[in-house]
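Take a look at the letters that make up each chain.
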Amino acid sequence: MTTHSNTPAGWYPDPHGAAQTLRYWDGAQWTQHTHPDQQGAGQAQAQAVLAPPVQQAPQMPQQSAGPDQRVQRQVQQQAGVTGGGAGGGTLFTEPVLVVNQKAKLIELTNEYKVMDQNGNQLGSVSQVGQSAFRKIVRFFYSIDQFMKIKLEIRDAHGQPVMLLTRPGKIFKSRVIVERPDGSPVGEIVQQNMIGKINFALMVNGQQVGAIKAENWRAWNFAIVDHTENEVARITKTWEGLAKTMFTTADNYVLQIHYQLPEPLLSLVVATALTVDTALKQDARGFG
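Bear in mind that the values here come from a model prediction, so they are computed numbers and not experimental data.

Digging into the pairing of strand β10 (residues 184-190)
Then, number 1: For β10, a buried count of 5 out of 7 residues is recorded, marking the element as mostly surrounded by other parts of the structure.
Then, number 2: The pairing of β10 with strand β11 (residues 198-203) spans 4 bridges and is classified as antiparallel. Residue pairing for β11: Glu 187 is matched across the bridge by Met 202.

Right, here's the structure in full:
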C-alpha cells in the first residue's frame, strides 16, 4: 500500500495494530520488515533523533491482523477461486472482490461490505437518497424492486468513488454508473426477462461488454468484453441457513482475471452490486 508523504524512512509502530511491533516505512510505503519494539529509554531517544515523532507517521487504513478464514472459505470453497494473486489494496486494483450484504431482519436500506480475498475491507456500499416516507412504504410493502434505487460506492476511507442509479422499473433493469462529480461512466442494461438473464455494458451508446447468467436462477455470471472474451466472473455464495430463511442478504464474489482498461474496469467493479440490485428477489428460499 502506498501513499504520498514527506515522512522520512524509519521504524514506526505497526499501522496494522500488531502489539509491541515496529514496521519499516521506506519513505513511500510500508514494507514487510518488522521487529519487536523492545527499545529502552536510550534507544527511544535515539529513535527520536533518527525519526519524527510517532504521531507524524502516515495514517494508513486499519487492516485485520491476519486473513479472515470465513472470507477465505467463501472465496476458495464456495466460489472456487484460488490463486487470485496479490492486489493493490483498493477497489480497482484487487483481482478478487467479496461483496457481502449486511443481514437485517427488516431491510430499509441496502448496505454492503466490500473486502479483498483475505477479508480486509476495501470499501462499502450504501443506499442513499431515501426519504422517510420511502422507508415507511418499504417496511409495509415488498415493492422495492419497482422503485428508484441509488447506491454510493465508497473506498476504505469512506470517500465516494462511484454512484449507481437504477431508475424505477417494471420489467427490465437499467443501472447508470457515474463518478462522484456526476460525470458518466456507462450503463448496465438488462437485455431479456426469460431464460438466462443477460446485461449489456454500454459506454456512449456502444456496447463494450456483457454480463451473462450461466443458469436460469441468475446466480453465477460470466463477464465478457466486446470480443466475447471472458474478463471476470461473479459467483453467488450461500449466505447460510439463517440468512437465507429470515433475511434478504446476498453474498457475491467477483473475480477479475486481469487488469482491465477504463471505463470497462469501473463497470465490471459495479457488476456484482448491479446484479443484486437489478434482480433482487423479495421471496427468500432455496430455489
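Topic: the pairing of strand β7 (residues 149-155)
Then, number 1: Pairing between strand β6 (residues 121-127) and β7: 5 bridges, direction antiparallel. Among the inter-strand pairings, Val 125 is bridged to a residue of β7, identified as Ile 153.

Points about a nonpolar patch on the surface
Then, number 1: On the surface, Ile 170, Phe 171, Met 193 and Ile 194 cluster together into a nonpolar patch covering about 500 Å² of accessible area.
Then, number 2: Looking at where Ile 194 falls in the secondary structure, it is placed in the loop between β10 and β11.

Section: the nonpolar core
Nonpolar side chains in soluble globular proteins generally cluster together in the buried interior.
Then, number 1: Judged by nonpolar contacts, the single largest core of 41 residues is most densely connected at Val 177, Ile 188 and Ile 223.
Then, number 2: Per-element tally for this core: the top contributor is helix α5 (residues 264-278), with 9 residues.
Then, number 3: Once residues lying within four places of it in the same chain are set aside, the contact partners of Val 177 are Met 162, Leu 163, Leu 164, Pro 184, Val 185, Gly 186, Ile 188, Leu 267 and Ala 270.
Then, number 4: Core analysis: the second largest hydrophobic core is formed by 7 residues, Val 71, Val 81, Met 115 and Val 253 among them.

Topic: the sheet that holds strand β1 (residues 10-13)
Then, number 1: The 3 strands are arranged β1-β2-β3 in an open sheet whose pairing can be described as antiparallel. This sheet does not close on itself; its edge strands, each paired only once, are β1 and β3 (30-36). Taking each pair of neighbouring strands and ignoring which way they run, the sheet shows an average axis angle of 35 degrees.
Then, number 2: In terms of strand pairing, strand β2 (residues 21-25) meets β3 through 4 bridges, oriented antiparallel. Of the residues in β3, the one forming a bridge with Trp 25 is Trp 30.

Describing the pattern of salt bridges
Then, number 1: With the rule as written, the count across this model stands at 6 salt bridges.
Then, number 2: Across the salt bridge formed by Glu 187 and Arg 174, the nearest N and O atoms sit 3.1 Å from each other. Residue Glu 187 is found in strand β10, and its partner Arg 174 is found in strand β9 (residues 174-178); the two are separated by 13 residues along the sequence.
Then, number 3: On the accessibility criterion, Arg 174 (34% relative accessible area) is partly exposed.

What about the environment of Val 99?
Then, number 1: By the secondary structure assignment, Val 99 is in strand β4 (residues 96-101).
Then, number 2: Judged by its relative accessible area of 5%, Val 99 falls in the buried class.
Then, number 3: For Val 99 and Met 115, which are 16 residues apart along the polypeptide, the C-alpha to C-alpha distance reads 6.6 Å.
Then, number 4: Once residues lying within four places of it in the same chain are set aside, the contact partners of Val 99 are Tyr 112, Lys 113, Val 114, Asp 250, Asn 251, Tyr 252, Ala 272 and Leu 273.

Quick notes on the environment of Val 203
Then, number 1: Residue placement: Val 203 occurs in strand β11.
Then, number 2: For Val 203, a relative accessible area of 14% gives the class buried.
Then, number 3: For the pair Val 203 and Pro 263, spaced 60 residues apart in sequence, the C-alpha to C-alpha distance is 7.8 Å.
Then, number 4: Not counting the four nearest positions on each side in its chain, Val 203 is found in contact with Val 185, Gly 186, Val 208, Pro 263 and Leu 267.

Quick look at the environment of Ile 223
Then, number 1: One can find Ile 223 in strand β13 (residues 220-225).
Then, number 2: It is 9.8 Å that separates the C-alpha atoms of Ile 223 and Ala 200, two residues lying 23 residues apart in sequence.
Then, number 3: With residues near it in sequence (within four places) discarded, Ile 223 still touches Leu 201, Ala 210, Ile 211, Asn 229, Glu 230, Val 231, Ala 232, Ile 234, Leu 254, Val 268 and Thr 271.

Looking at unusual backbone geometry
Then, number 1: At the junction of Glu 262 and Pro 263, the peptide bond is cis and its omega measures out at 5 degrees in the coordinates.
Then, number 2: Tracing the chain through its elements places Pro 263 in the loop between β15 (251-256) and α5.
Then, number 3: Its identity as a non-glycine residue notwithstanding, Asn 204 has a phi of 55 degrees, on the positive side.
Then, number 4: Counting through the fold element by element, Asn 204 comes out in the loop between β11 and β12 (206-213).

Overview of the confidence of the model for the chain
Then, number 1: Of all residues in the chain, 67% have pLDDT values of 70 or greater, and the mean over the chain is 75.
Then, number 2: Contacts from residues 104-108, a stretch scored under 50 in pLDDT, to residues over four places away or in other chains number 16 contacts.
Then, number 3: Low confidence marks residues 281-287, where pLDDT is under 50. Its contacts with residues over four positions away, or in another chain, come to 19 contacts.

Conventions we followed
- Residues numbered from 1 in each chain as written.
- Predicted model: local features only at pLDDT ≥ 70, side-chain atom pairs only at ≥ 80, totals over all residues.
- Heavy atoms only, no water.
- Buried < 20%, exposed > 50% of the residue type's maximum accessible area, 1.4 Å probe, protein only.
- Helix = DSSP H or I, 4+ residues; strand = E, 2+ residues; numbered from the N terminus.
- Pairing = 2+ DSSP bridges.
- Patch = residues over 30% accessible without salt bridge, like charges linked within 9 Å, V, L, I, M, F, W, Y side chains within 5 Å.
- Areas by Shrake-Rupley, 256 points an atom, 1.4 Å probe, with all protein chains shown as cover.
- Salt bridge = Lys/Arg side-chain N within 4 Å of Asp/Glu carboxyl O.
- Core = buried A, V, L, I, M, F, W, Y, C linked by side-chain atoms within 4.5 Å.
- Contact = heavy atoms within 4.5 Å.
- Axes fitted to C-alpha atoms, helices over the stretch in contact; angles between N-to-C directions.
- pLDDT = per-residue confidence, 0-100.

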